[in-house]
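The residues making up each chain are set out below.
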Amino acid sequence: MTSKKFLFTSESVTEGHPDKVCDQISDAILDEFLTKDPSSRVAAETTATTGMVLVCGEITSNCYVDIPQVVRDTVKNIGYVGTSGGGFDCDTCAVLTSIDEQSCDIAGGVNKALETRSENADTSVSETENLGAGDQGIMFGYACNETPELMPLPISLAHKLSYRLAQVRKEGLLNYLRPDGKSQVTVEYVDGKPSRIHTVLLSTQHAAEINGETDNSKVQEIINRDLKKHVIDYVFETEQIKLDSETIILINPSGRFVVGGPQGDSGLTGRKIIVDTYGGYSRHGGGAFSGKDPTKVDRSAAYAARYVAKNIVAAGLADKCEIELAYAIGVAEPVSIFVDTFSTGRISDDEISDLVRANFDLRPAAIIKNFDLRNLPAKNGGKFYQKLAAYGHLGRTDLVVPWESLDKVESLKKSLSATAVC
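So, here is what we can say about the structure in this document.

Reading guide: rules and limits
Residues numbered from 1 in each chain as written. Predicted model: local features only at pLDDT ≥ 70, side-chain atom pairs only at ≥ 80, totals over all residues. Heavy atoms only, no water. Helix = DSSP H or I, 4+ residues; strand = E, 2+ residues; numbered from the N terminus. Rg over C-alpha atoms; globule rule 2.2 N^0.38 Å. Buried < 20%, exposed > 50% of the residue type's maximum accessible area, 1.4 Å probe, protein only. Contact = heavy atoms within 4.5 Å. Areas by Shrake-Rupley, 256 points an atom, 1.4 Å probe, with all protein chains shown as cover. Phe/Tyr/Trp six-rings, centres within 6.5 Å; stacked < 30°, edge-to-face > 60°. Expected span 1.5 Å × (residues − 1). Bend = angle between axes of the 7 residues up to and from the residue. Patch = residues over 30% accessible without salt bridge, like charges linked within 9 Å, V, L, I, M, F, W, Y side chains within 5 Å. Salt bridge = Lys/Arg side-chain N within 4 Å of Asp/Glu carboxyl O. Lys, Arg positive; Asp, Glu negative; His and termini not counted. Charge placed at Lys NZ, Arg CZ, Asp CG, Glu CD. Core = buried A, V, L, I, M, F, W, Y, C linked by side-chain atoms within 4.5 Å. Pairing = 2+ DSSP bridges. Axes fitted to C-alpha atoms, helices over the stretch in contact; angles between N-to-C directions. Parallel < 35°, antiparallel > 145°, perpendicular 65-115°, else oblique. Left-handed = near helix turned anticlockwise from the far one by under 90°. Nonpolar A, V, L, I, M, F, W, Y, C, P; charged D, E, K, R; others polar.

Along the backbone of the protein there are 13 helices and 11 strands. The C-alpha atoms of the protein give 22 Å as radius of gyration, which agrees with the globular expectation for 422 residues (22 Å, within 12%). Each principal axis of the C-alpha atoms in the protein carries an extent, and together these give about 70 × 65 × 30 Å. Going through the 422 residues of the protein one by one, you find that 55% of them count as buried. Put simply, 73% of the contacts in the protein that link residues at least 6 apart link residues at least 24 apart. Surface summary for the protein: the accessible area is close to 17800 Å², and the carbon and sulfur share equals 50%.

Put into structure tokens, the structure is as follows:
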């Protein structure tokens, strides 16, 4: 029987990408409100273009936040400062705001759920905390055993490359780099498992003149040499699957990338949802994360679904696991829970679904309480969600995030043993 081969590709972007600039601004605003008032309801949307940032949305809170200052501080931290910032400047860009309060109709459905607590609900969450979902929608969570963090290999590698690209810029190792950049990794799979690295792609914004050179071909030669050494080789030095003689490496294939960031392309919150999750390897419900407080299940339930899937894989119940959760606005319990292990489960998907219902309380109030989602910014110096807004919300190893915890592994193993005995 011949082996089945296929290629799968995922991309990542640096924090200077215009869409990621907007995600970070929206989450920085969320961080500020939750730090000062953990009960804040926030839905902050940002768009950025040449010389301008617009923040709009619905926010209800008992505190005041200087939104323009948060915007400028965030843009500055990303690296868009002065003439060396890549065509966009934190101090001179216009900052416009258009903020309204959360709709009272939405608030009414969120503040108190339609139904009472279910049989398997977390009893530490009181009826007064029994929030309804902030909107209808579907959320997916995924985990697999391709990497130590139980994420698909292509998105894991793409994030590492983008993170390293920003790191060498910020540390001054390659001082001609500018904030905007992208990475992309194509992995060759054999019989469903990663086999080799097929293609690595890096695109980075850069200064027009590098080491006194302005000729495009010479500039490209310098960038190729430096990024191969300091980014690509650096990342793959510690990876189990190495580059080989047939791996295709593409660096700035357009040949020139001087104009970038919000000057080169407008940005918008929530336009990199595949980068934020599993790189396309798992399905996506369509809802973005950034700028949304934890009552929005687009965010909190997607984190919970990742938590469930990761614990299932870590417990050895399956090699791959995808969880779909569906919610109705104003209703606490998920409308449906769907488990798919892609025929890798040690027990049936139906049995795993029963274990999920028995071991996880997936009501919004329980998710918020168990992950302490409202207090994470204050516990992390006022910056938490903003850090998640670049390089992925899931599978993070550089940050301590509660939905990456494996604290349900033992209970799942015990439940599995009990099921086997029965």
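Now for the packing of aromatic side chains. One pass over the structure, following the stated rule, counts 15 aromatic pairs. Centre to centre, the rings of tyrosine 303 and tryptophan 403 are 3.8 Å apart; their planes meet at 10 degrees, and the pair counts as stacked. Of the two residues, tyrosine 303 sits in helix H8 (residues 297–314) while tryptophan 403 sits in the loop between helix H12 (385–388) and helix H13 (409–421), which places them 100 residues apart along the sequence. Residue classification places tyrosine 303 among the buried residues on the basis of a relative accessible area of 0%. Relative to tyrosine 385, the ring of phenylalanine 384 lies with its centre 5.2 Å away and its plane at 85 degrees, an arrangement referred to as edge-to-face.

The next thing to look at is helix H5 (residues 216–236). The terminal C-alpha atoms of H5, which comprises 21 residues, lie 28 Å apart, in line with the 30 Å expected from a rise of 1.5 Å per residue. Maximal helix bending in H5 amounts to about 40 degrees, located at lysine 228. Residues of H5 that are buried include every one of Val219, Gln220, Ile222, Ile223, Asp226, Leu227, His230, Val231, Ile232, Val235 and Phe236, and no others. Here the buried face of H5 lies against helix H4 (153–170), strand S6 (177–190), strand S7 (193–206) and strand S8 (248–251).

Residues Glu45, Glu58, Asp100 and Glu101 make up a contiguous surface patch of negative charge. In this fold, aspartate 100 is placed in strand S4 (residues 94–100).

Leu227 and Trp403 are the most contacted members of the largest nonpolar core, which totals 104 residues. The greatest single-element share of this core, amounting to 11 residues, is contributed by H8. Apart from residues lying up to four places away in sequence, tryptophan 403 is in contact with Tyr303, Arg306, Tyr307, Phe371, Leu373, Leu376, Phe384, Leu388, His393 and Leu394.

Here we come to the sheet that holds strand S5 (residues 137–144). Taken together, the 3 strands give an open sheet; going across it, the order is S5-S10-S11, and neighbouring strands pair in antiparallel fashion. At either end of the open sheet lies a strand with only one pairing partner, and these are S5 and strand S11 (336–340). When strand polarity is set aside, the average angle formed by the axes of neighbouring strands in this sheet is 15 degrees. In the sheet, S5 pairs with strand S10 (residues 320–327) via 8 bridges, with the strands oriented antiparallel.

It is at 9 Å that the axes of helix H1 (residues 18–36) and helix H2 (residues 67–78) come closest, and there the two elements cross at 130 degrees. Viewed along their axes, H1 and H2 adopt a mutual orientation that is oblique. Crossing of H1 against H2: the hand is right-handed. Contacts from Val21, Gln24, Ile25, Ala28, Ile29, Glu32 and Phe33 of H1 reach H2 at Ile67, Val70, Val71, Thr74, Val75 and Ile78. Class assignment of the residues belonging to the contact of H1 with H2 gives a composition of 10 nonpolar, 2 polar and 1 charged.

This brings us to the pattern of salt bridges. Counted under the stated rule, the structure contains 21 salt bridges. Here lysine 160 makes a salt bridge to glutamate 239, at a shortest N to O gap of 2.6 Å. Highlighted residues: lysine 160 in helix H4 and glutamate 239 in the loop between H5 and S8, separated in sequence by 79 residues. The exposure class assigned to lysine 160 is partly exposed, which follows from its relative accessible area of 34%.

On the basis of which strands lie adjacent, the open sheet formed by 4 strands has the order S1-S6-S7-S8 and mixed pairing. Two strands in the sheet have a free side with no partner beyond their single neighbour: strand S1 (5–13) and S8. The average angle at which neighbouring strand axes cross in this sheet is 15 degrees, direction not considered. Pairing between S7 and S8: 4 bridges, direction parallel. In the strand pairing of S8, leucine 201 is matched with leucine 250. Here H4 sits on the sheet in contact with S1, S6 and S7, set at roughly 155 degrees to S6.

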